[in-house]
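# Architecture and fold: a report
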Amino acid sequence: MSERADTSGDERPATLGELASGLRVVRPEDLPGPAPRTLNFHGETVYVTGRQATVHVTPRAEVSCPLTVGPVPVPDSAPQPRTGVGQRLAEALAEHGSVLLSGPGGVGKSQLAAAHAHRALATGASRFVLWADATDGPSLTASYADAARRLLLPGLPARDLDRQAAAFVEWFRTPGPSALVVLDDLADPAALTDGLPHSTAEDRRVLATTRLRGASLGGVLGTVVAVGTFDPAESLAFLRARVLASEVDYLAEDGHTPRLAELGEELGHLPLALGYAAAAMVRE
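Notes on the structure follow. Just so it is clear, the structure is predicted and the values come from calculations on it, not from any experiment. Every residue gets a number counted from 1 within its own chain, in the order that chain's sequence is written. The predicted origin of the model limits local features to residues at a pLDDT of at least 70 and limits the giving and counting of side-chain atom pairs to 80 or more, whereas totals for whole chains, interfaces and linings rest on all residues. Neither water nor hydrogens contribute to the side-chain values; these are computed over all heavy atoms in the structure.

## Topic: the overall build of the protein
For clarity, the threshold we go by: By the criteria applied, helices consist of DSSP H or I runs no shorter than four residues and strands consist of E runs no shorter than two, each listed in order from the N terminus. Under the scheme applied here, a residue whose accessible area is under 20% of the maximum for its type counts as buried, over 50% as exposed, and between as partly exposed, the area being computed with a 1.4 Å probe on protein chains only. What makes two residues a contact is simply this: any of their non-hydrogen atoms within 4.5 Å. Computed with the Shrake-Rupley method and a 1.4 Å probe, the accessible areas treat only the protein chains shown as cover for residues.
In terms of regular secondary structure, the protein is built from seven helices and eleven strands. The buried share among the 284 residues of the protein stands at 39%. Across the protein, every contact between residues at least 6 apart in sequence was considered, and the portion connecting residues at least 24 apart equals 67%. Summing over all exposed atoms, the protein offers an accessible surface of approximately 15200 Å²; the carbon and sulfur share of this is 54%.

Here you go:
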């Protein structure tokens, strides 16, 4: 679909107010005279021929959903349910729309976020998921820009990551398909000053993970849900599940339960350390 207007002899693209003389379907090869000069007009192609400017509106490509952008971690083959923190996360997201998982390294914050992302896609709660690297400002900008390109947002300036990222943030803040943004390993809350993809829509959610605590977060993102180590029962269940998933069945027998429980105590019930230990037992 296109519009025509008299441009008074110059070669600038007509303004929206000037483009009011009518609508017609046009193909570039159907324009009279020599090949027209092309300009860009709000993301569309403008063909300029003499005193006439024709805006050729290209149909937008459709984005297939569900769509995932970014390296969402693969689900654990033997996940350990974390009922308490999982319930707090679900309740906080439902109430506030944005949640920050806070805790020291190795407690499983990214695994919790990944499990939520996969569940949201599987249940249809989110039609779009972005897993963004939030370790620093440039990485976050690159993740947003990648999402904008994958969503085929109109009028994206080539090679301008900042404006592409801003286009994605604006898309997220406006009504549209259900979406989840995961900001993994947020190291500097100030990076979100102008780029927080917050939306008032009930089906738009933001979930972040960080090692920062308390006042350092500055209330930058919704509710903070603290993530700690496993409790003793979770540690034992985790180790047994990992061993049972392997061929080293003898380690999962009841007679070895005290040894596995003792190992959990020695490792401080830290999920990352327990994962390494279980892999070493199975391998060796």
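## Overview of helix H2 (residues 109-123)
Since the α-helix advances by 3.6 residues per turn, residues separated by three or four positions end up pointing in the same direction. Applicable threshold: Helix span is expected to be 1.5 Å times the residue number reduced by one.
Here H2 spans 21 Å end to end across 15 residues, near enough to the 21 Å set by a 1.5 Å rise per residue. Within H2, burial applies to Lys 109, Leu 112, Ala 113, Ala 114, His 116, Ala 117 and Ala 120. Among the structural elements, helix H1 (83-96), strand S7 (98-102), strand S8 (128-133), strand S9 (179-184) and strand S10 (204-210) are those in contact with the buried residues of H2.

## Section: the pairing of S7
Definition in use: Should DSSP find at least two bridges between two strands, the strands are taken to pair.
Within S7, five of the five residues are buried, which leaves it mostly tucked inside the rest of the structure. Here S7 shows no split at all, with Ser 98, Leu 100 and Ser 102 on one side and Val 99 and Leu 101 on the other all buried. Sheet topology note: the S7/S10 ladder contains five bridges and is parallel. Looking across to S10, one finds that Ser 102 is bridged to Thr 210.

## Some details on the sheet that holds S7
Let me state the cut-off plainly: Geometry is summarised by axes, namely lines fitted to C-alpha atoms with helices restricted to the contacting stretch, and by angles between N-to-C directions that run from 0 to 180 degrees.
Strands sit in the order S6-S8-S9-S10-S7-S11 across an open sheet of six strands; the sheet is parallel. Across the chains shown, the open sheet's two edge strands, defined by having one partner strand only, are strand S6 (67-69) and strand S11 (223-226). Recorded for the sheet is a direction-independent mean angle of 15° between the axes of neighbouring strands. Lying over the sheet, helix H3 (residues 137-150) contacts S6, S8 and S9, oriented at roughly 155° with respect to S8.

## Notes on the environment of Thr 257
By secondary structure assignment, the location of Thr 257 is in helix H6 (residues 257-266). Placed 17 residues apart in sequence, Thr 257 and Arg 240 show a C-alpha to C-alpha distance of 8.2 Å. Those residues in contact with Thr 257, other than ones at most four positions away along the chain, are Leu 236 and Arg 240.

## Brief notes about the packing of aromatic side chains
Given two aromatic rings, their pairing is described by the distance between the two centres and the angle made by the two planes. Defined as follows: In this scheme Phe, Tyr and Trp rings, the latter by its six-membered ring, pair at centre separations within 6.5 Å, and the angle between planes marks the pair as stacked below 30 degrees, edge-to-face above 60, and tilted otherwise. In our convention, an over-ring charge means Lys NZ or Arg CZ found within 6 Å of a ring centre and within 35 degrees of that ring's normal.
Applying the stated rule across the entire model yields six aromatic pairs. With a centroid separation of 5.4 Å and 75° between ring planes, the pair formed by Phe 128 and Trp 171 is classed as edge-to-face. Placement of the pair is Phe 128 in strand S8 and Trp 171 in helix H4 (residues 161-173), with a sequence separation of 43 residues. Taken individually, Phe 128 and Trp 171 each receive the classification buried, so the pair is uniform in this respect. Where Phe 230 meets Phe 238, the ring centres are 5.4 Å apart and the plane angle is 45°; that geometry is what we call tilted. No difference in accessibility class separates Phe 230 from Phe 238, as the two residues are buried. A cation over a ring is seen here: Arg 204 above Trp 171, with NZ or CZ 4.4 Å from the ring centre. Positioned above the aromatic ring of Phe 172 is the side chain of Arg 204, whose terminal nitrogen or guanidinium carbon lies 5.4 Å from the ring centre.

## Digging into helix H7 (residues 271-283)
The criterion, for reference: Note that the arc is computed from the directions linking the helix axis to the C-beta atoms.
Helix length check: H7, at 13 residues, gives a terminal C-alpha distance of 18 Å against a target of 18 Å (1.5 Å per residue), a fit within 8%. Along H7, the residues classified as buried are Pro 271, Leu 274, Gly 275, Ala 277 and Ala 278. For H7, the arc enclosing every buried residue in end-on projection is 165°, short of the 170-degree limit, so these residues lie on one face. Of the residues in H7, the exposed ones pointing more than 90 degrees away from the buried face are Tyr 276 and Arg 283.

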